[in-house]
Amino acid sequence: MNMNNGIPLAQASALYRPDADIGSPPVLADPQALLNAFHPDYLGSSVTKLAVGANAGDSCQRELAGLLQAEAIIDEADLAGAPVTDIDVLVIGGGGAGCAAALAAAERGARVLLVTKLRLGDSNTVMAEGGIQVAIEPDDSIQRHIEDTLRGGHDIGNPELVAAMAEDGPDVIRWLIRAGMQFEQTASGDLHTRRAGGMNAARIVHCRDYTGLEMMRVLRESVIQHRAIEVWEQSPAVELLSNEDGRKCVGAVFKSLIDGRFRMVRTHSVILATGGVGRLHLNGFPTSNHLGATGDGLVLAYRIGACLRDLDSFQYHPTGLVYPPHLSGKLVTEGVRAAGAWMLNAAGQRFVDELLPRDIVSAAILRECQEGRCVRVDDGRVGVWLDTPRLERSQPGLLERQFPKLLARFRVSGVDPRHDPLLIHPTLHYQNGGVVIDVNGATTVPGLYAVGEVAGGIHGRNRIMGNALLEIISFGRRAGVAATAQRDRGPKKVTLEHVNRARRDLTLAGIPLTQAAPQILPDYAAKGIWNR
Amino acid sequence: MRAAYCTLNFFDFSHLTKTPMTTDGDNPQTINLTINGVAVAASAAMTLVEAAWHGGVPRVTAVSCLESVCGSCRVLLRRGKEVTVNLACQTFVEDGLEAVFLPPQPPPLHHYEISDFTDGWNIQARFHEIFPEASHCRNCHGCVLSCPKGIDVEGAIALAAAGHFRDAGEAFLECVMCELCDSACPELIAPAHVGLFCRRVTAHFHLRPPNLIYRLEEQRKEKMGLTGASHDEHE
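Residues numbered from 1 in each chain as written. Chains lettered and ligands numbered in written order. Predicted model: local features only at pLDDT ≥ 70, side-chain atom pairs only at ≥ 80, totals over all residues.

### Quick look at unusual backbone geometry
For clarity, the threshold we go by: Helix and strand assignments follow DSSP, with helices taken as H or I runs no shorter than four residues and strands as E runs no shorter than two, numbered in order from the N terminus.
The residue after A:Tyr323, namely A:Pro324, is reached through a cis peptide bond having omega 0°. Residue position: A:Pro324 is located in the loop between strand S16 (314-321) and helix H10 (334-338). Following A:Ala517, the chain continues into A:Pro518 via a peptide bond in cis, with omega recorded as 10°. Here A:Pro518 lies in the segment after helix H16 (497-508). Non-glycine residue A:Arg208 carries a positive phi angle of around 45°. Note on placement: A:Arg208 falls in the loop between strand S9 (204-205) and helix H8 (211-225). Non-glycine residue B:Ala45 carries a positive phi angle of around 75°.

This is the structure we're talking about:
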């Protein structure tokens, strides 16, 4: 491999023809061999074994393992004089899952405090474009949704969780419509559905390609307007709090990005809704994720003793942008491929069925890039074409009608997807695994719930499109209800006993206490805000 | 061993964190501007967010999605005597530009819970109770000029005040709730929240999709045991 791989962008653009005669993609004989050879999850150098904690001995992505087996940011001395707030339910995270959990808890009479690292609504939810998976078409069923989800996840997902989510689907959409979320309709008033990768029926409902934005602004407004929900913004969680024996979660510690002060919250139920890990740039990949996606929830849950799962499995979404540079890693929704767009290598050939599961499509793109059939931009990054002009030619006006966000993002940078094919490369998009939960979102640690991307078990080793937006509302509401039902009198004493225990474990395992976690912000964005 | 990571290592974020290779002031590639009062020498084609990180501007916490859908990175821009607003992640560096990241808009003054609305016939009256300022628009265009998404905010507010909630809401499809129009409005109309209200009541009262309702009804009957043994045809 060398830096001179592929054809320079200008040359490749000149060769591109939206009306070229292109045949079918080659049949993929052995998808597993393709994954083994090219998908980062399957390459031995990207994983290691955890040495301490509830998952000792399990495989874990190397950089994530460093954070899971790191020292805490705070100790008891930091908490001296920190103000304490008592609340019924504490939600950590202000994306879709956190808002759904807060609203569900408040609807059942709990006093709720929602604390978020950045601004309420700053999340991966707001960027989600494609839609929500829900089995509502006559030729579809809840059972088929369950089967597609499990198969897409390579049959290691937890069937009980998947069934719970799929069965919740129709009611989740009703709940969202009641809250004021709009969806695309057909002429007869049905919800418009699309079929996407790994699905046996049309099952994606959507609000053009702004589904996440539409969902997030409705949820955000609902939370802001709710009388029983208090919101703290710009307040990352730096540690959980435990009871005397360090086995039960009874609150959390936050450090304000505004005044730098620590604040403690005491409660009987903590709901972690902190999202994913894209901003750790695992294996050197760019990411589609928002700036706060640094895996903080995984680190905090693991330190207090929660079981995690599938920590060596991440989703590299096939169509992350390579060009223009300021949108590097940002997503082009799978909906574009679902609508019929093909992918072409630098030789102008299709190389894989575009609607195979995401991990396989990504591996195929990485193969084209490594074997030199790619387009290279000036700074050496490479990609393949997503042929949007051909889609526009075959269905004139489609991009403007169904993908306004795609066009809007390019407006400021002089690229028009209707005329120029998009240069794409897999981008770190989603954490497939996460904290082990039951159907109520309860973790293996009493008092601690986990919902949304931070939780694991639903998507197996590969999430199919539209299940993330469904999961966050389905399990967000479930955890909100369960957390409210837990009516003990709350903690007598709050401690950092679990931090002391984790430190002892690390010392005994001979792991140096040089690294501290959670990460809070990526280093390139942390200047003057966050010094560990 | 497969050199699998050679291509991956191309994803180098050093352009965000390190000094660019061309740092001398007279290089045409270097753009000089100020961000939050700090002088920054940036590379061309950087956004204001990238330039702020690159220049080590402290305490820039209002950044999140980096693709102009979260509405967090509100900036005030001064070019000579011209003052405008925008989102930092979609604004590119320019020589002599003065940029200041704005604090978030305070929580809205208008309160309603959508579950309180049960009768669609009085929704216009409820709207004017909740947003009494919406009919006071003096057509100053401040909201239109401030919108980073090019929404005809003023026209949409007029539609909302006349009860055309569906059309008004549609105009706000691309609204990212940056609330720059709320900041700009001298009548305190809170246009972004008016727009969201319009979208929400349209869905709340009018979205009744037959295919969704049919499946919900199937599930309800199953739960009540009315379908008996045929619990699920696919099992």
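Structure's up, so let's keep going.
### Overview of helix H9 (residues 296-303) of chain A
Threshold: In this scheme the burial state of a residue depends on its C-beta neighbours within 10 Å: 20 or more other such atoms mean buried, 12 or fewer mean exposed, and anything in between means partly exposed; the C-beta positions come from the backbone.
Most of H9(A) sits inside the fold, with eight of its eight residues counted as buried. Of the residues flanking the end of H9(A), it is A:Gly305, one or two places downstream, whose phi is positive at about 110°.

### Description of the domain arrangement of chain B
Residues and elements named next belong to chain B. Keep this limit in mind: Note that the domain bounds were set by an automatic or database domain assignment. Each residue is represented by a C-beta atom placed from its backbone, and any two residues with such atoms within 7 Å are regarded as in contact.
Each assigned domain of chain B is listed here: domain 1 (19-101) and domain 2 (114-206). The gap between the C-alpha centroids of domain 1 and domain 2 is 31 Å. Each partner contributes residues to the interface: domain 1 has nine residues there, and domain 2 has six residues. It is strand S4 (residues 82-87) that provides the largest number of residues to the side of domain 1 that touches domain 2, a total of three residues.

### Some thoughts on the packing of helix H7 (residues 159-179) of chain A against helix H10 (residues 210-223) of chain B
The test is simple: Interaxial angle, 0 to 180 degrees, is taken between N-to-C directions of lines fitted to C-alpha atoms, where a helix line uses only the stretch in contact. In this scheme, roughly parallel covers angles under 35 degrees and roughly antiparallel covers those over 145, while 65 to 115 is roughly perpendicular and the rest are oblique. Crossings are classed by handedness, with left-handed meaning an anticlockwise turn of the near helix from the far one by less than a right angle and right-handed meaning a clockwise turn. Each residue is assigned to one class: nonpolar for Ala, Val, Leu, Ile, Met, Phe, Trp, Tyr, Cys and Pro, charged for Asp, Glu, Lys and Arg, and polar for all the others, Gly among them.
The N-to-C vectors of H7(A) and H10(B) enclose an angle of 125°; their axes lie 9 Å apart at closest approach. Of the possible angle classes, the one that applies to H7(A) and H10(B) is oblique. Where H7(A) crosses over H10(B), the two elements pack in a sense that is left-handed. Contacts between H7(A) and H10(B) involve A:Pro170, A:Asp171, A:Ile173 and A:Arg174 from the former and B:Leu212, B:Arg215, B:Leu216 and B:Gln219 from the latter. When its residues are assigned to classes, the contact of H7(A) with H10(B) shows four nonpolar, one polar and three charged.

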